[in-house]
Amino acid sequence: MNLKEWIKTLTFYEILLGMKATLSHLIHYKPITLQYPHEKKQLPSNYRGMLALLRYDDGTEKCVGCDLCEAACPSRVIRVVSAEVPEEPAKRYSKEYYMDMTRCLFCGLCVDACPVDALGMTQEYEWAVYDKRQLHLNKQQLLAIGDRNFPVREKRLEFQHPNVAYFNVGFKDIPQKNVQ
Amino acid sequence: METAIRLGLTLGQIGAVMVAVLLTVALLTLLERKVLGWMQDRMGPMEVGPYGILQPVADGLKLFFKEDIIPAGANKLMFSMAPILSLVPALIGFAVIPFGPDWTVDVQGVDFKPFVITDINIGVLYILAFASIGAYGIILGGWSSNSKYSLLGGLRSAAQLISYELNVGLSIVGVLLLSSSLSLVTITNAQAGGFWNWYFFAWGSFPQAIAFMVFIISSVAETNRTPFDLPEAESELVAGFFTEYSGMRFAFFFLAEYGNMILVSCVATVLFFGGWHAPFEFLQGPESLHGLTGIAWFAIKVATFLFLFFWVRATLPRLRYDQLMRFGWKVLLPIALGNIVVTAIVEYIFPS
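Residues numbered from 1 in each chain as written. Chains lettered and ligands numbered in written order. Predicted model: local features only at pLDDT ≥ 70, side-chain atom pairs only at ≥ 80, totals over all residues.

1. Some thoughts on the overall build of chain B
Within chain B one finds 11 helices and 2 strands. Going residue by residue from the N terminus, the α and β elements of chain B occur as α-α-α-β-β-α-α-α-α-α-α-α-α. In terms of overall size, chain B behaves like a compact globule, its C-alpha atoms giving a radius of gyration of 21 Å where 352 residues would be expected to give roughly 20 Å. Dimensions of chain B, computed from the C-alpha atoms along their principal axes, are close to 60 × 50 × 45 Å. Buried residues in chain B amount to 44% of all 352 residues. Put simply, of all contacts in chain B between residues at least 6 apart along the chain, 77% involve residues at least 24 apart. (Helix = DSSP H or I, 4+ residues; strand = E, 2+ residues; numbered from the N terminus. Rg over C-alpha atoms; globule rule 2.2 N^0.38 Å. Buried ≥ 20, exposed ≤ 12 C-beta atoms within 10 Å, placed from the backbone. Contact = placed C-beta atoms within 7 Å.)

The structure is reproduced here in structure tokens:
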């Protein structure tokens, strides 16, 4: 150790440096705390919160009961019981639709998988409950979540035959194959 | 009759000091969290009352109504005795601290000193002795809990308190050489006149600044506070020696820790910074107001030391165990011994 280091040790130079840093934070006090229940953070528009089932503007359910969300889900959250629409054998709908939100990891794969955009992710995140069975949601609850979060509904296309499940999916973002 | 008056006066004084100390402890618990928060860009407690000022009340109520658990296999007698053994020495030390000028009031034929409970001529020794007994509370609490974490915390604190108590004792010796008295009242009176007479500066003799550094570092270690909080290291030992304690017993350990903090701040003020004396004579005010200004200056100095405790806690990380021991025995102890030798020589050549 040379003289300079000895002087630094004897005068507690490094400790004083650290204490200066903490004191400067005390003097220039600017908290970064968000007082959570009183203040809430502005969420980004692509925030992946609670899942919801959506409706068309005439109040009919979008879901066609295709089971693709169930297949896409990595945590096996979704269970769909698909059924024919009575009197209309060509048209199907989800008779029952369950989501076990205790397992959901909010990856959004089900929303991506849905061919009719029947699933949506809301900005709700305050879903703490005392009984975890309350997180086992059925179709009515999921539709209610969708109703209260998406007041502007998608228009049902006029040329869609009521008997045909219209797959309104755009394949634009799938990369094109090189044609030789 | 005389005995009754003496008893009444003394008990009143003890009550006043106890209430003052315990209120300060309550205030400190809030202030520590607030100051730590501010230093770390947080807010500290904000929910109970405006800006969280009622937090100590809420904490106290919570501790009071919590279930008092004695763990299975614990030694019940020792387990209940340990918090008391640790709290009593922390509070009993205030008996010899002079909070204000050395006045003697005559109350119906009884000599009464309003600003010190007892002025015994071995005051410093008395405080050191009871500080050592406080270590028993911690060690017994750790041992009797029947838990590994508590036992390890107790063992660590045994080693730490023994090594650092030595440094506290030796760093005080310089002051004792200068004042040639063990009574805290005499030591305070010897530092009258201005800040250059405080033993930290000690004009005309050997300044005790180095001894003060040793003293303050060792007292941080003795009160088990960061960076020497190995006995209660949260990240290693859950909570150290009071892991198994809950309710009022836990509150006793808590009170003891903060009481010790105030006590060492008072002792540092009295020994090195002139006690109730103002840094300049004119700041002390007229003679009749010395009681008031004396207590005010004493409180300011103690508050400064308490802030230093918080400040150090916000800044420094915890020492490793071997670093702690090496620092105590190989750095602080030689410095304290060297300080005694130099002070003794200077005092012999230039007697004050």
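Still more ground to cover, so stick around.
2. A few points about the overall build of chain A
Counting its regular elements, chain A contains 5 helices and 5 strands. Ordered by position in the sequence, the α and β elements of chain A form the string α-α-β-α-β-β-α-β-β-α. Within chain A, the proportion of its 180 residues that are buried is 15%. The contacts in chain A between residues at least 6 apart in sequence include a share of 71% that link residues at least 24 apart.

3. Section: the confidence of the model for chain B
Averaged over all residues, the pLDDT of chain B is 85; the fraction at 70 or higher stands at 99%. The ipTM value of the predicted complex is 0.73, and its pTM value is 0.80. (pLDDT = per-residue confidence, 0-100.)

4. Things to note about the packing of helix α7 (residues 209-222) of chain B against helix α11 (residues 321-349) of chain B
Residues and elements named next belong to chain B. Interhelical geometry of α7 versus α11 gives an angle of 145° and a closest axis separation of 9 Å. Classified by chirality, the crossing of α11 by α7 is left-handed. Touching I210, A211, V214, I217 and S218 of α7 are L332, I335, A336 and N339, all from α11. Across the contact of α7 with α11, the residue classes tally to 7 nonpolar, 2 polar and no charged. (Axes fitted to C-alpha atoms, helices over the stretch in contact; angles between N-to-C directions. Left-handed = near helix turned anticlockwise from the far one by under 90°. Nonpolar A, V, L, I, M, F, W, Y, C, P; charged D, E, K, R; others polar.)

5. Structural notes on the packing of helix α2 (residues 13-27) of chain A against helix α10 (residues 290-315) of chain B
Taken N-terminus to C-terminus, the directions of α2 of chain A and α10 of chain B make an angle of 100°; their axes are 9 Å apart at the nearest point. In terms of orientation, α2 of chain A lies roughly perpendicular with respect to α10 of chain B. Two secondary-structure elements touch here, α2 of chain A through G18, M19, T22 and L23 of chain A and α10 of chain B through W311, A314 and T315 of chain B. In terms of residue class, the contact of α2 of chain A with α10 of chain B is made up of 4 nonpolar, 3 polar and no charged. (Parallel < 35°, antiparallel > 145°, perpendicular 65-115°, else oblique.)

6. Remarks on the interface of chain A and chain B
Across the contact, 13 residues belong to chain A and 10 residues belong to chain B. Within the side of chain A that touches chain B, the residues separate by chemical class into 7 nonpolar, 5 polar and 1 charged.

7. Here's the deal with unusual backbone geometry
All names here are of chain B. The residue D41 is not glycine, and still its phi comes out positive at about 60°. On the secondary structure map, D41 appears in the loop between α1 (2-39) and α2 (55-65). For N146, which is not a glycine, the phi torsion comes out positive at approximately 60°. Inspection of the secondary structure puts N146 in the loop between α4 (123-144) and α5 (148-179).

8. Structural notes on α7 of chain B
Residue and element names in this part refer to chain B. Taking 1.5 Å per residue as the helical rise, α7 with its 14 residues ought to reach 20 Å, and the 19 Å between its terminal C-alpha atoms agrees with that figure. Of all 14 residues in α7, 11 are buried, a share of seventy percent or more. Along α7, the residues classified as buried are A211, F212, V214, F215, I216, I217, S218, S219, V220, A221 and E222. Each element contacted by the buried residues of α7 is listed here: α4, α5, α9 (247-272), α10 and α11. (Expected span 1.5 Å × (residues − 1).)

9. Things to note about the environment of T226 of chain B
Residue and element names in this part refer to chain B. Looking at where T226 falls in the secondary structure, it is placed in the loop between α7 and α8 (234-237). With 20 C-beta atoms counted inside 10 Å, the residue T226 sits in the buried group. The spatial distance from the C-alpha of T226 to the C-alpha of W311 is 10.0 Å, given a sequence separation of 85 residues. Not counting residues within four places of it along the chain, the set of residues in contact with T226 comprises V312, R313, L316 and R318.

10. Details of the confidence of the model for chain A
Low pLDDT marks regions whose predicted coordinates should not be analysed in detail. Residue and element names in this part refer to chain A. Averaged over every residue, the pLDDT of chain A is 82; the share at 70 or more is 85%. Ranking the elements of chain A by mean pLDDT puts strand β3 (residues 88-100) last, at 82, and strand β5 (residues 136-137) first, at 92. The low-confidence segment residues 163-174, where pLDDT is below 50, has 14 contacts with residues more than four positions distant or belonging to other chains.

11. As for the nonpolar core
Ranked by size, the top nonpolar core spans 85 residues in total, and within it A268, L271 and F272 of chain B carry the most contacts. Tallying contributions element by element places α9 of chain B first for this core, with 15 residues. With residues up to four places along the chain from it excluded, the contact list for A268 of chain B reads F215, I216, S219, F273 and F305 of chain B. With 22 residues, the next largest nonpolar core counts L51, I78, Y97 and C114 of chain A among its residues. (Core = buried A, V, L, I, M, F, W, Y, C linked by C-beta atoms within 7 Å.)

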